[in-house]
There are 4 protein chains.
Amino acid sequence: MKILFIGDIVGEPGRRYVGEILDQMLPEMQPDLVVANAENATRGRGLSRRSAEELYDAGVEILTMGNHTWDQRQIFEFIDDDMRIVRPANYPQGTPGRGFTVVRVGKQEVLIINVMGRTFLSTLDCPFEAVEKILADHPQIRHVLVDMHAEVTSEKLGMGWAFAGKVSAVLGTHTHVPTADARILPGGTAYISDVGMVGPHDGILGMKREQVIRRMRTQLPTKFEVADGPRQFCAVMLELDDESGKAVRIEQVHYEEPST
Amino acid sequence: MKILFIGDIVGEPGRRYVGEILDQMLPEMQPDLVVANAENATRGRGLSRRSAEELYDAGVEILTMGNHTWDQRQIFEFIDDDMRIVRPANYPQGTPGRGFTVVRVGKQEVLIINVMGRTFLSTLDCPFEAVEKILADHPQIRHVLVDMHAEVTSEKLGMGWAFAGKVSAVLGTHTHVPTADARILPGGTAYISDVGMVGPHDGILGMKREQVIRRMRTQLPTKFEVADGPRQFCAVMLELDDESGKAVRIEQVHYEEPST
Amino acid sequence: MKILFIGDIVGEPGRRYVGEILDQMLPEMQPDLVVANAENATRGRGLSRRSAEELYDAGVEILTMGNHTWDQRQIFEFIDDDMRIVRPANYPQGTPGRGFTVVRVGKQEVLIINVMGRTFLSTLDCPFEAVEKILADHPQIRHVLVDMHAEVTSEKLGMGWAFAGKVSAVLGTHTHVPTADARILPGGTAYISDVGMVGPHDGILGMKREQVIRRMRTQLPTKFEVADGPRQFCAVMLELDDESGKAVRIEQVHYEEPST
Amino acid sequence: MKILFIGDIVGEPGRRYVGEILDQMLPEMQPDLVVANAENATRGRGLSRRSAEELYDAGVEILTMGNHTWDQRQIFEFIDDDMRIVRPANYPQGTPGRGFTVVRVGKQEVLIINVMGRTFLSTLDCPFEAVEKILADHPQIRHVLVDMHAEVTSEKLGMGWAFAGKVSAVLGTHTHVPTADARILPGGTAYISDVGMVGPHDGILGMKREQVIRRMRTQLPTKFEVADGPRQFCAVMLELDDESGKAVRIEQVHYEEPST
Ligand SMILES: [Fe+2]
Ligand SMILES: [Fe+2]
Ligand SMILES: [Fe+2]
Ligand SMILES: [Fe+2]
Ligand SMILES: [Fe+2]
Ligand SMILES: [Fe+2]
Ligand SMILES: [Fe+2]
Ligand SMILES: [Fe+2]
């Protein structure tokens, strides 16, 4: 089974570029499932219904989220009903939406989990316990993907090693910079600290760089807008054993337009 | 001019592996200068005189530091006298040691600066102003390397873009995970968000993974020790124009021993 | 029922002063129960068995803890067996010790809970849920004390108002500075944002002030030692209705030796 | 010389109550100078021109700020021209407005400084160095007030002790909860860790308590609005020696309306 996992999609440039790249890639690479992190899909913050539809139309089947889950308030109107959207599972009980979803791929069921790290992020429940509980509730599923949305590498590596041999993949998101540490951990768990992002290549995390630098240097309030210009696409292609769910391959997929 | 910059060296396994790799690489690749981040060189925390000597013997010429600068207290005995050690320049005025150093390479002088990010790290002076001031004090030097030791990608990218065209390279350290975003920014500034580390490959940031996971999951005090087993080596090779100091090439150098 | 709750006791000066003050106070004020926060009782960090014994001998009956719970490692040897020690209830499941204890006072049972805030402190489970669960498990107890060990006033006030009318008292600890906001919240819940500390009066949080200021100003590693000199004693005296458990009075108790 | 310093004024209820209380107090207590922290004066966040005018009309002569300085964007239009507004002095160089102001009171000049702590707040320059520099530039002024706007008690006490004997007063703001530690430090420096706030008494930091608790418990985005109901007024009255500027008295001034 081939799964394409796309990193944080940033704003309209990100959504558009996902569409263009998938148009090329899908016929050629034929993944069995396409998942993407969509926490920045709408103007760099959150996910509107229209942005979600655009991504579905482009070929993305499941959308994971992160610390920007609620930034577009209209998500409260559709997150409960749209089984294709997964927000961090370690939010407090009673939080709208779901922390995991199950999707049928051929004869297999695939369990997709989203969790959030706690170091330098929100004060949430333990992400390790959250994953453990979801796994315990789905003992029959062997194809399991974890999107570990976190700031620090130690917490991401901790999640990877803690569930090595127990899930098919632990894929980091949130920093918007792809890491060069993709590997298969012992027991057949694909791992990468960060998949990277899809969006403007010459901004900072996809936003206009002058604005980000101004805020850093002056500490003055500064509006952040999605940048223009050339774009990059960061994803990983996973290959899982159909029977066992174990990862046999993880490969980074990078596209980028030339800088002007 | 070719400069090899090696990421955070972790403990004895890291120091040893640096020696082994440089024995192979130096005759072959012949860099004109070898710089390494040594903030974790002694038992994963700080830098003893003996560890520094080991690294000099191995061929490293300049050592940069970071948030672990003072973890081995004996460094106070030699940091003022050893011009090859550079600690973050944005420490408060009066801090022992120096925030930059100048080294002659052939006919050129190379300025090496170490600064630390502030987001989720120490409460320090502005790293942007620190770099600006050092540059203003050395208008004649065109070959300038900045080791930006920081937690978050936005602050590292901010430093890269703020000094694009003004320094030869901005190289991120601290997260111990190499990123896949090496590039030449406009104006001839080599950039990477994190060079990665040298040390045990199957630990977490070079430390024993069971210990790190235990602390994360239990919040109990847990001693962290440098891990055993196969090792990795992460560095970047820079090529700077001899005349202008502008970067013409940045290439990641990764070695790793097979996991058992 | 009269309960004396003493704020964070710092080091030997704190333990001694608790003994001296209780010698005077107990005969006179005759509280029915004496509780103290002991997270800093041993050299400013954690609680040794000997320090605990000293406090019991002085007349303290229950010891609550906080972020320094584990700083003296020997506590792991006795915390499971000593029912008089209560550490934060929102530590992960399986943590040694207990998050609440029940003590008989005359004809009544008193439930004493310790929880820790999360903002700018450890990554723990939700303190609100922790308190709710303990209350649900003890529906018959009407005399309930919550030691809310937290950094920020908003989280302490949040705990106070969330359980106003449901517990006898929410008493803040951790900042080592007594607040001037003691009051009875609607429904009969005594509240104060911070009880303050017992220990050296002319230090910073009980530690030598030169050391604390040096670290702040230089960012250099600096050993913190418990200060000398005049001492202060900060506590609150509660009066609870015997029948209903509702608070009818909260009064700050401050003693201090003249500064030299 | 008598100076009344009023803690963080929150929203319209805070502004109104300042007016009502000053109407009563001023004729009676006759302070020579009235200073107030106004960072929350407009809808709980920042300071509009109209709110500033209201406070001036009420009798406040100097307004200090804090982390909410820029929350009402119109402040950029008038902060440079209004010498009565003081924002944190340790903002980056080039920041609009001023970090201190000098006001004539009878035959004396009074220097009023605002600085911000860095622990768990913004990444700013060193507040200790900022105060030192301002003092060095005004060697002739002996009446000096420092509003230390900070989160943690250690940093506030550090500022107090570092400048004990060098300034007339170090007064903490920001937590909105008055502390019970007002004292004169050696050398004649009045000190309090937090003056407290003026605003709704039954909210959390002046905001509607249901909203604050909801956000804490659910981590969902929640609008915070200034609370209604009974109000409190927290201030300190200082008495400084006319000649030397040394503090001879600090007294808390609390008013509050009965809770319903
Ligand atoms: Fe994120
Ligand atoms: Fe993101
Ligand atoms: Fe490091
Ligand atoms: Fe580091
Ligand atoms: Fe404490
Ligand atoms: Fe504490
Ligand atoms: Fe405030
Ligand atoms: Fe504030």
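Refer to the structure printed above.
Predicted model, so just to flag it, every value in this text is computed and none were measured.

## A closer look at the coordination of the iron ion (ligand 7)
Residues and elements named next belong to chain D.
Reasoning step 1: Protein-derived ligands of the iron ion (ligand 7) are Asp8 (OD), Glu39 (OE), Asn40 (OD1) and His176 (NE2), with the metal-ligand distances lying across 2.1 to 2.2 Å.
Reasoning step 2: Coordination of the iron ion (ligand 7) draws on donor residues from a single chain, spaced D-x30-E-N-x135-H in sequence.
Reasoning step 3: The metal-metal distance between the iron ion (ligand 7) and the iron ion (ligand 8) is 3.4 Å, with glutamate 39 serving as a donor to both. Taken together, the positions of aspartate 8 in strand β2 (residues 8-9) and asparagine 40 in the loop between β3 (33-37) and α2 (49-58) put the pair 32 residues apart, joining distant regions of the chain.
Reasoning step 4: Taking the relative accessible area as the measure of exposure, asparagine 40 reaches 3% and is therefore buried.

## A closer look at the relation of the copies chain A and chain B
Reasoning step 1: Superposing chain A onto chain B takes a rotation of 180° combined with a translation of 0.0 Å along the rotation axis, leaving an RMSD of 0.0 Å. As the rotation angle and translation indicate, the two copies are arranged about a two-fold axis. If distances are taken from each C-alpha of chain A to the rotation axis, the shortest is found for threonine 179 of chain A, at 1.9 Å.

## Describing the interface of chain B and chain D
Reasoning step 1: Across the contact, 7 residues belong to chain B and 7 residues belong to chain D.
Reasoning step 2: A buried area of about 550 Å², summed over both sides, lies between chain B and chain D, and 38% of it is on carbon and sulfur atoms.
Reasoning step 3: In this structure, the connection of chain B to chain D is made through 0 salt bridges.
Reasoning step 4: Class assignment of the residues belonging to the side of chain B that touches chain D gives a composition of 3 nonpolar, 1 polar and 3 charged.

## Concerning the interface of chain A and chain B
Reasoning step 1: At the interface, 35 residues of chain A touch 35 residues of chain B.
Reasoning step 2: Overall, the association of chain A and chain B removes approximately 3000 Å² of surface from exposure, summing both partners, and the carbon and sulfur fraction of that is 65%.
Reasoning step 3: For the pair chain A and chain B, the interface holds 4 salt bridges.
Reasoning step 4: A salt bridge links arginine 217 of chain A to glutamate 132 of chain B, with the shortest nitrogen-to-oxygen separation between them at 2.9 Å.
Reasoning step 5: The tally of links from chain A across to chain B stands at 10 residue pairs in polar contact (both at pLDDT 80 or more).
Reasoning step 6: Listed by contribution, the elements that provide at least two residues to the side of chain A that touches chain B are α4 (127-137), α5 (153-162), α6 (209-218) and β14 (247-256) of chain A.
Reasoning step 7: Among the elements that make up the side of chain A that touches chain B, the one with the highest residue count is α5 of chain A (7 residues).
Reasoning step 8: Split into classes, the residues belonging to the side of chain A that touches chain B amount to 13 nonpolar, 12 polar and 10 charged.

## Description of helix α6 (residues 209-218) of chain C
Reasoning step 1: Every buried residue of α6 of chain C is accounted for by Gln211, Val212, Ile213 and Met216 of chain C.
Reasoning step 2: Lining the buried residues of α6 of chain C we find α4 (127-136) and α5 (153-162) of chain D.
Reasoning step 3: Downstream of α6 of chain C by a residue or two, glutamine 219 of chain C has a phi angle that is positive, lying close to 60°.

## Observations regarding the packing of aromatic side chains
Reasoning step 1: Counted under the stated rule, the structure contains 14 aromatic pairs over all chains.
Reasoning step 2: With a centroid separation of 5.8 Å and an interplanar angle of 55°, the aromatic rings of tryptophan 70 of chain A and tyrosine 91 of chain A are classed as tilted. A residue pair is termed long-range when its members are at least 10 positions apart, and tryptophan 70 of chain A in the loop between β4 (62-64) and α3 (75-78) and tyrosine 91 of chain A in the loop between β5 (85-86) and β6 (100-105) qualify at 21 residues. One exposure class covers both tryptophan 70 of chain A and tyrosine 91 of chain A, and it is buried.
Reasoning step 3: Relative to tyrosine 255 of chain C, the ring of phenylalanine 233 of chain C has its centre 5.9 Å away and its plane inclined at 75°; by these criteria the two rings are edge-to-face. With a gap of 22 residues between them, phenylalanine 233 of chain C in strand β13 (residues 231-240) and tyrosine 255 of chain C in strand β14 (residues 247-256) connect regions that are remote in the sequence.
Reasoning step 4: Assessed through its relative accessible area of 26%, tyrosine 255 of chain C is described here as partly exposed.

## Points about helix α2 (residues 49-58) of chain B
Residue and element names in this part refer to chain B.
Reasoning step 1: Within α2, burial applies to Ser51, Ala52, Leu55, Tyr56 and Ala58. Down the axis of α2, the sector holding all buried residues measures 160°, keeping them to one side. Facing away from the buried side of α2, by more than 90 degrees, are the exposed residues Arg50 and Asp57.
Reasoning step 2: Buried residues in α2 make contact with β2 (8-9), α1 (11-29), β4 (62-64) and β5 (85-86).
Reasoning step 3: Where α2 terminates, the next one or two residues include glycine 59, which has phi positive at roughly 120°.

Calculation notes
- Residues numbered from 1 in each chain as written.
- Chains lettered and ligands numbered in written order.
- Predicted model: local features only at pLDDT ≥ 70, side-chain atom pairs only at ≥ 80, totals over all residues.
- Heavy atoms only, no water.
- Donors = N, O, S within 2.8 Å, 3.2 Å for Na, K, Ca; no water.
- Helix = DSSP H or I, 4+ residues; strand = E, 2+ residues; numbered from the N terminus.
- Buried < 20%, exposed > 50% of the residue type's maximum accessible area, 1.4 Å probe, protein only.
- Least-squares fit on C-alpha atoms with pLDDT ≥ 70 in both.
- Contact = heavy atoms within 4.5 Å.
- Buried area = accessible area lost by both parts, 1.4 Å probe.
- Salt bridge = Lys/Arg side-chain N within 4 Å of Asp/Glu carboxyl O.
- Nonpolar A, V, L, I, M, F, W, Y, C, P; charged D, E, K, R; others polar.
- Polar contact = N/O pair within 3.5 Å; in protein donor to acceptor, adjacent residues only side chain to side chain.
- Phe/Tyr/Trp six-rings, centres within 6.5 Å; stacked < 30°, edge-to-face > 60°.
- Arc of directions from axis to C-beta.

So yeah, pure geometry; function would need other evidence.
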